[in-house]
Every structure is written in C-alpha cells, then in structure tokens.
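Fold and contact review
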Amino acid sequence: MAGFYLVRGTLTRDIDTRVWQLLVATPMTRGTYLLAKACSHLLVLGLIVMAGLGVGFVAQMVRGEDRMLNLWELVKPSLVLALPSSAVTAMFAVWFDMVPWLRRTAGNILYFFSWTMLMVVFLANLIPDENPAAKNSWMSDPAGMVMVSRDLDRQAAPQLGVPSVGGFSVGVQLLDKPPVLLTWPTWEVRSIDLLGRFLWLVLSLIGVLLAAPFLDRAAAHAGSAVALAKQS
C-alpha cells in the first residue's frame, strides 16, 4: 500500500509539463510509454524490497538463530510474493495518474480503501478456515498472503501438533503463550501456486496496456502546472 504513494505522480508530471508529447512524438508507442512508466515504478519498489532483504540478512546474523545464508531461499519470497504485488501496485499508479479526478487527494483516499477492500475480500474467500474448498486452490490475493497462510499451515501444524494453525500473526504473542521457534528451512512452492502468482503479473501488464488508448484524452486534462505556465 505504501509503495503506491511513493511511485505515483510521475505520469501526472509528464502530462502537466507536456513532456509526454515529446516522448510520444518519437517512434515509441503509447503502450510502450506506459509500460516504461510501470517498469520504472516496479524498479523503485524492487529497490525497496532489496533494502528489506538486506535488513533481513542483518537481522539473521544478529539474532544468530541460523547463520548459514541460503541466498535463493532469502530471495524466493520476494520473487514469488513481492514481484506480482509490486506489478499490481505499478498498474494502479498508472491508472490513478491517468484519470484526472484521481490524480490528487481523492485518488489517494480511494486507493487506501480499494487496497484494503481488495485484500479483505480475497482473504475472506480464500483462507481455508473460512472456505475449506480453497485449501488446495491455486488462487491467491495480489500480496500472496493467502498462499503464505496455506503453506505456513502445512509446515507449522505438524510441528505444533495441531490439525490447523488457523492463521498467523507476525510479532504478536497471543494468549500469553510462549513463542515457538518453527523449523522452515526451505519453502517448497507448488507449480500451480506459481501459476497463480504469474497470473497477477500478467494481469497487471495487461491493465497497463489497456490504459494506452486513453492517454491522449487524459493528457487533454493538464493540471495546474500548465495553467501556471500560461499565466507566466
């Protein structure tokens, strides 16, 4: 959610300052231009994820629970979870910059509620405790929390001696119970789950391309930067 507010606005600046006209006057198509914008958003979000991986590495060394570094297992969750999620965020940033009334405060507020509702709807319908039929489903929410919950249940339930974990909480100790250190050295992701994550990545790219036909209409509603330029 926070990543959206970090990357949005670049397309709006191009429109307000007419920079986009210089770009589309080149052989570059409008779809390519918007894809480039989405990829730049994805790069910024990827750098933030890389910083998070660095923090995770330092925490692992400081805590000393296991000082053996498996680089692939460290990076795998970011590729499987963060990459599709960041692509969806980049798509929303492009669309919210395209629609004139979503470029400012109204868009910021609407995205907060849209992101929250999107996560709540998927979690309510795909968490096995709420919907047993979804226990082996390949579908997941954009952030991948449903898939994490399923795999954590498969990994942790046998260690805890319970039929089901029933969800997870990061950094919160519940019911005054002592924390239990679980052994989860490798994350075996099912091929069908990878397909579900890849689907979010593809849908986000399609969503960006669907905005291309509306670029000229969106650019016709230039903002305050153009008005100020005319006044000067």
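See the structure shown above.
Since this is a predicted model, take the numbers as computed values, not measurements.

Here we take up the overall build of the protein. When its secondary structure is counted, the protein shows ten helices and zero strands. When its helices and strands are written in sequence order, the protein yields α-α-α-α-α-α-α-α-α-α. Counting over 232 residues, the protein shows a buried share of 34%. Taking as baseline every contact in the protein between residues at least 6 positions apart, the subset at least 24 positions apart corresponds to 70%. In the structure as shown, the protein presents an accessible area of about 13900 Å², 70% of it carried by carbon and sulfur atoms.

Counting through the fold element by element, Thr 10 comes out in helix 2 (residues 10-16). Its relative accessible area of 19% is what places Thr 10 among the buried residues. With sequence-adjacent residues up to four places away left out, Thr 10 is seen in contact with Lys 37, His 41 and Asp 97.

What follows covers helix 6 (residues 105-126). The terminal C-alpha atoms of helix 6 lie 32 Å apart, and with 22 residues this matches the ideal 32 Å at 1.5 Å per residue to within 8%. All buried positions along helix 6 are accounted for by Gly 107, Tyr 111, Phe 122 and Leu 126. For helix 6, the arc enclosing every buried residue in end-on projection is 45°, short of the 170-degree limit, so these residues lie on one face. Pointing more than 90 degrees away from the buried face of helix 6 are the exposed residues Thr 105, Phe 113 and Met 117. Close packing links the buried residues of helix 6 with helix 1 (2-7), helix 5 (71-98), helix 7 (145-160) and helix 8 (191-210).

Here we come to the environment of Ser 204. The topology assignment puts Ser 204 in helix 8. Residues Ser 204 and Ser 85, 119 residues apart in the sequence, show an inter-C-alpha distance of 9.1 Å. Those residues in contact with Ser 204, other than ones at most four positions away along the chain, are Ala 87, Val 88 and Met 91. A distance of 2.6 Å separates the side chain of Ser 204 from the backbone oxygen of Leu 201, its partner in a polar contact.

Another aspect to go through is the nonpolar core. Leu 11, Trp 20, Tyr 33, Leu 34, Val 94, Met 98 and Leu 215 are the most contacted members of the largest nonpolar core, which totals 17 residues. Looking at this core, the elements that each hand over two or more residues are helix 2, helix 3 (19-24), helix 4 (30-63), helix 5 and helix 9 (215-219). The greatest single-element share of this core, amounting to four residues, is contributed by helix 5. Counting seven residues, the second largest nonpolar core, distinct from the first, contains Phe 4, Phe 96, Leu 102 and Tyr 111.

The next subject is the pattern of salt bridges. It is possible for side chains bearing opposite charge to pair when their charged atoms get close. By the definition in use, this model includes seven salt bridges. Ionic pairing is found between Arg 8 and Asp 97, a salt bridge with its closest N-O pair at 3.4 Å. With Arg 8 in the loop between helix 1 and helix 2 and Asp 97 in helix 5, this residue pair connects regions lying 89 residues apart in the sequence. Note on Arg 8: relative accessible area 10%, which makes it buried. Here Arg 30 ties to Asp 216 by a salt bridge, and the two come within 2.9 Å at their closest N and O atoms. Of this pair, Arg 30 sits in helix 4 while Asp 216 is found in helix 9, placing the two residues 186 residues apart along the sequence. What makes Asp 216 partly exposed here is its relative accessible area of 40%.

Cut-off values and rules
- Residues numbered from 1 in each chain as written.
- Predicted model: local features only at pLDDT ≥ 70, side-chain atom pairs only at ≥ 80, totals over all residues.
- Heavy atoms only, no water.
- Helix = DSSP H or I, 4+ residues; strand = E, 2+ residues; numbered from the N terminus.
- Buried < 20%, exposed > 50% of the residue type's maximum accessible area, 1.4 Å probe, protein only.
- Contact = heavy atoms within 4.5 Å.
- Areas by Shrake-Rupley, 256 points an atom, 1.4 Å probe, with all protein chains shown as cover.
- Expected span 1.5 Å × (residues − 1).
- Arc of directions from axis to C-beta.
- Polar contact = N/O pair within 3.5 Å; in protein donor to acceptor, adjacent residues only side chain to side chain.
- Core = buried A, V, L, I, M, F, W, Y, C linked by side-chain atoms within 4.5 Å.
- Salt bridge = Lys/Arg side-chain N within 4 Å of Asp/Glu carboxyl O.

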